[in-house]
Amino acid sequence: MSSAQPSLLLLIPAYNEENRIGPVLEEYARYFGRTHAGRFQMVVVLNGCRDNTLGVVQAAAARHPFIRHLDFPAPIGKGGALIEGLKLAPLADLIGYVDADGATPPVAFHDLVRCLEESNIACAIASRWLPGAVVHHFQPENRRFASRLFHLFVELFFQMGILDTQCGAKVMRRRAVEAVHERLTLADLAFDVNLLFSLRRAGFTVREIPTEWSDKSGSKVVFNLRTSLNMLLSLVRLRLIYSPFYRWLGPLRPIEAWLYRQLRAPQPFRHSGVPEAIQRTEDREPDRSGINRSP
Ligand SMILES: Nc1nc2c(ncn2[C@@H]2O[C@H](COP(=O)(O)OP(=O)(O)O)[C@@H](O)[C@H]2O)c(=O)[nH]1
Ligand SMILES: [Mg+2]
């Protein structure tokens, strides 16, 4: 921990969230404005929104200047949006993210932050499957089944012993984010597995904390065969990246790109050297770092 009152950066990925994000921004702004002693910043990461999410975020920012946004026109996916957002890690001691629909109330996110404030661990994640979790509205039966099946594959491939890799609330220390950022490439919903496995392989401790969570209507995730195959493809891809064979798989890249296109999934993120925004934000004031602008 770099100070007694660590600064906190909260990222919120948002895709067509004009109907859900307004109250969530207000709730988080009020809660953390009141309870967090260190500096608090929120950055909403939008991409390809076809509704007025941007207008809603700007209205909230007018009331709370510590709310800002990044907007990417390309369909980079939730994972891609978080990879971009995590480039801002140098802005804070602790960096976390939650969904835009308010499934995780501020108090539950605060539990994760407190866990890092009170220990030396690198990452705390919310879990709906640990004893003690309070889940108000469960996801529909088919979605729960798909989620548990996905969990089985994650355990089979990665053996992390994490019960809930997919809950949308996580917090990490800056050094952990910076250490693994270049390893983050899955732009779809398997991003969380990419993040957790990279943290574990880099030697960081990940702690699951029982959370409070409620399923919200208006999900942006379409669960069908194509999405399931996309998730499976991404898990296989991640497994191969961490295998000794990876260096020989370069020639398969066009096939990989073709597969993601067929599944209408966001293409894997390609890093180009040192993440640009990390350099920029280290050198400049936050308001000149590209936040609040389309890159
Ligand atoms: N930036 C961005 N955010 C996304 C995208 N897809 C989903 N999200 C966000 O990811 C979060 C979780 O999505 P949600 O629809 O609540 O998923 P569910 O709760 O798993 O059904 C929300 O904040 C969404 O706005 C995307 O393509 N880009
Ligand atoms: Mg949701």
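Refer to the structure above for everything that follows.
Residues numbered from 1 in each chain as written. Chains lettered and ligands numbered in written order. Predicted model: local features only at pLDDT ≥ 70, side-chain atom pairs only at ≥ 80, totals over all residues.

Considering the site of ligand 1
- Around ligand 1, a shell composed of 18 residues is seen, among which Tyr-15, Ala-81, Ala-100, Ser-219 and Lys-220 lie nearest.
- Tallied by class, residues from the shell around ligand 1 come to 9 nonpolar, 4 polar and 5 charged. (Near = placed C-beta within 6 Å. Nonpolar A, V, L, I, M, F, W, Y, C, P; charged D, E, K, R; others polar.)

Observations concerning the pairing of strand S5 (residues 123-127)
- With 5 of 5 residues buried, S5 is to be regarded as a mostly interior element.
- Here S5 shows no split at all, with Cys-123, Ile-125 and Ser-127 on one side and Ala-124 and Ala-126 on the other all buried.
- Sheet topology note: the S5/strand S7 (residues 170-173) ladder contains 3 bridges and is antiparallel. Bridging across to S7, Ile-125 finds its partner in Lys-170.
- Where S5 and strand S8 (residues 206-210) come together, 5 bridges link them in parallel fashion. Following the sheet pairing, Ile-125 is matched in S8 by Glu-208. (Buried ≥ 20, exposed ≤ 12 C-beta atoms within 10 Å, placed from the backbone. Helix = DSSP H or I, 4+ residues; strand = E, 2+ residues; numbered from the N terminus. Pairing = 2+ DSSP bridges.)

Some details on the nonpolar core
- Counting residues in each nonpolar core, the largest one holds 75 residues, and the members touching the most others are Leu-9, Leu-10, Ile-12, Val-43, Val-45 and Cys-123.
- The contact partners of Leu-10, leaving out residues within four places of it in the chain, are Tyr-28, Met-42, Gly-96, Tyr-97 and Val-98. (Core = buried A, V, L, I, M, F, W, Y, C linked by C-beta atoms within 7 Å. Contact = placed C-beta atoms within 7 Å.)

Focus on unusual backbone geometry
- Even without a glycine there, the phi angle at Asn-16 is positive, about 50°.
- Note that Asn-16 resides in the loop between strand S1 (8-14) and helix H1 (21-35).
- One non-glycine residue, Gln-159, lies in the positive phi region at around 45°.
- Relative to the helices and strands, Gln-159 is located in the loop between helix H5 (141-158) and S7.

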